[in-house]
Structure formats: structure tokens, C-alpha cells
Amino acid sequence: MKKFKVISLSLILALGFGFSTQGSNVQAAENLEPVVSPAADEIFVSRTVPFTYSKSMWVTETRNGKTYSGYIYNRGFADSSGNYSFFSGYISVGPYAPVETKLED
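The structure displayed is predicted, hence computed values, not measured ones. (Residues numbered from 1 in each chain as written. Predicted model: local features only at pLDDT ≥ 70, side-chain atom pairs only at ≥ 80, totals over all residues. Heavy atoms only, no water.)

(A) Layout of the packing of aromatic side chains. Considering all chains together, one arrives at four aromatic pairs under this definition. Each ring, one from Phe44 and one from Tyr90, has its centre 5.2 Å from the other, and the planes form 65 degrees; the classification is edge-to-face. Here Tyr90 lies in strand β4 (residues 84–93) and Phe44 lies in strand β1 (residues 42–50), a separation of 46 residues in the sequence. Residue Tyr90 is classed as exposed on the basis of its relative accessible area of 56%. (Phe/Tyr/Trp six-rings, centres within 6.5 Å; stacked < 30°, edge-to-face > 60°. Helix = DSSP H or I, 4+ residues; strand = E, 2+ residues; numbered from the N terminus. Buried < 20%, exposed > 50% of the residue type's maximum accessible area, 1.4 Å probe, protein only.)

Right, dumping it as C-alpha cells:
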């Protein structure tokens, strides 16, 4: 009976070490330092304006001490009456000056 206990405890101990090793490998795969990428310096902006045929609109917005600028694009009607247009898009950090662009008709 004593041999059975020793064998069963050693088996449980061996399995325990096996599972803890796998868990440590998974934790080691995580990124411990935050990664700063250009995508982190973008925000999503939306505007509802009186109806217009313009395809894009330049916006500048300040959030959390950063200035974001860029074009947002016309997404269609904002309501069923057709009195308002909905513009949305991502703008990047930086005080950029608007550049005139010709969009396709």
C-alpha cells in the first residue's frame, strides 16, 4: 500500500510540474513592454453637418493634449429626411496643414 501511495504521489507531482512548465511558456510569450505604433496615434472622428455634396472635410481636434488632423469622408445621409450628411474617418496626430486633393467623381 505504501508503494502505491508513493507512485501515485510521484505521478501527481510529475504532472504538476508538466503543467506549470507549459503555463510559464505561455506567459513568456506575452509582450511585457507596451508597443508604440503609428496606429496608436490615430482617433476616430465623426461629424453630422447640413447636407452637402462634398466628398471630404478637413478636421482638426485636440484630445488629451495632442492635436489630431486629417480628412474625414462623406458616408451619406445622417437621417431619413436627407437634411444632414454624415462624415467619419480616422485622423492622425500632428498639426498638419490641409493639402488640396482632387478626388475622383
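What follows picks up the thread again.
(B) Here's a closer look at the pattern of salt bridges. By the definition in use, this model includes three salt bridges. Asp41 is paired through a salt bridge with Lys66; the nearest N and O atoms lie 3.1 Å apart. Of the two residues, Asp41 is situated in the loop between α1 (2–29) and β1 and Lys66 in strand β3 (residues 66–77); the sequence distance between them amounts to 25 residues. Judged by relative accessible area, Asp41 falls into the partly exposed class, the value being 23%. Linking Glu61 and Arg63 is a salt bridge whose minimum nitrogen-to-oxygen distance equals 2.6 Å. Ionic contacts of the salt-bridge type, sharing partners, join the residues Arg47, Glu61 and Arg63 into one network. (Salt bridge = Lys/Arg side-chain N within 4 Å of Asp/Glu carboxyl O.)

(C) The arrangement of the nonpolar core in detail. If you look at the biggest cluster of nonpolar residues, it comprises eight residues: Ile43, Val45, Val49, Val59, Tyr68, Ile72, Phe87 and Ile91. Those elements giving two or more residues to this core turn out to be β1, β3 and β4. When residues of this core are assigned to their parent elements, the largest contribution, three residues, is made by β1. Setting aside residues no more than four positions away along its own chain, Ile43 makes contact with Glu61, Arg63, Tyr68, Gly89, Tyr90 and Ile91. (Core = buried A, V, L, I, M, F, W, Y, C linked by side-chain atoms within 4.5 Å. Contact = heavy atoms within 4.5 Å.)

(D) Highlighting a nonpolar patch on the surface. A cluster of nonpolar side chains, Phe51, Tyr53 and Phe77, forms an exposed patch at the surface whose accessible area comes to about 420 Å². Structurally, Phe77 is set in strand β3. (Patch = residues over 30% accessible without salt bridge, like charges linked within 9 Å, V, L, I, M, F, W, Y side chains within 5 Å. Areas by Shrake-Rupley, 256 points an atom, 1.4 Å probe, with all protein chains shown as cover.)

(E) Quick look at the sheet that holds β4. The strand order across the open sheet formed by four strands is β1-β4-β3-β2, and the pairing between neighbours is antiparallel. Two strands close off the open sheet at either side, each with one partner strand: β1 and β2 (56–63). Taking each pair of neighbouring strands and ignoring which way they run, the sheet shows an average axis angle of 30 degrees. Pairing between β2 and β3: eight bridges, direction antiparallel. Considered in β3, the bridge of Trp58 is made with Tyr71. (Pairing = 2+ DSSP bridges. Axes fitted to C-alpha atoms, helices over the stretch in contact; angles between N-to-C directions.)

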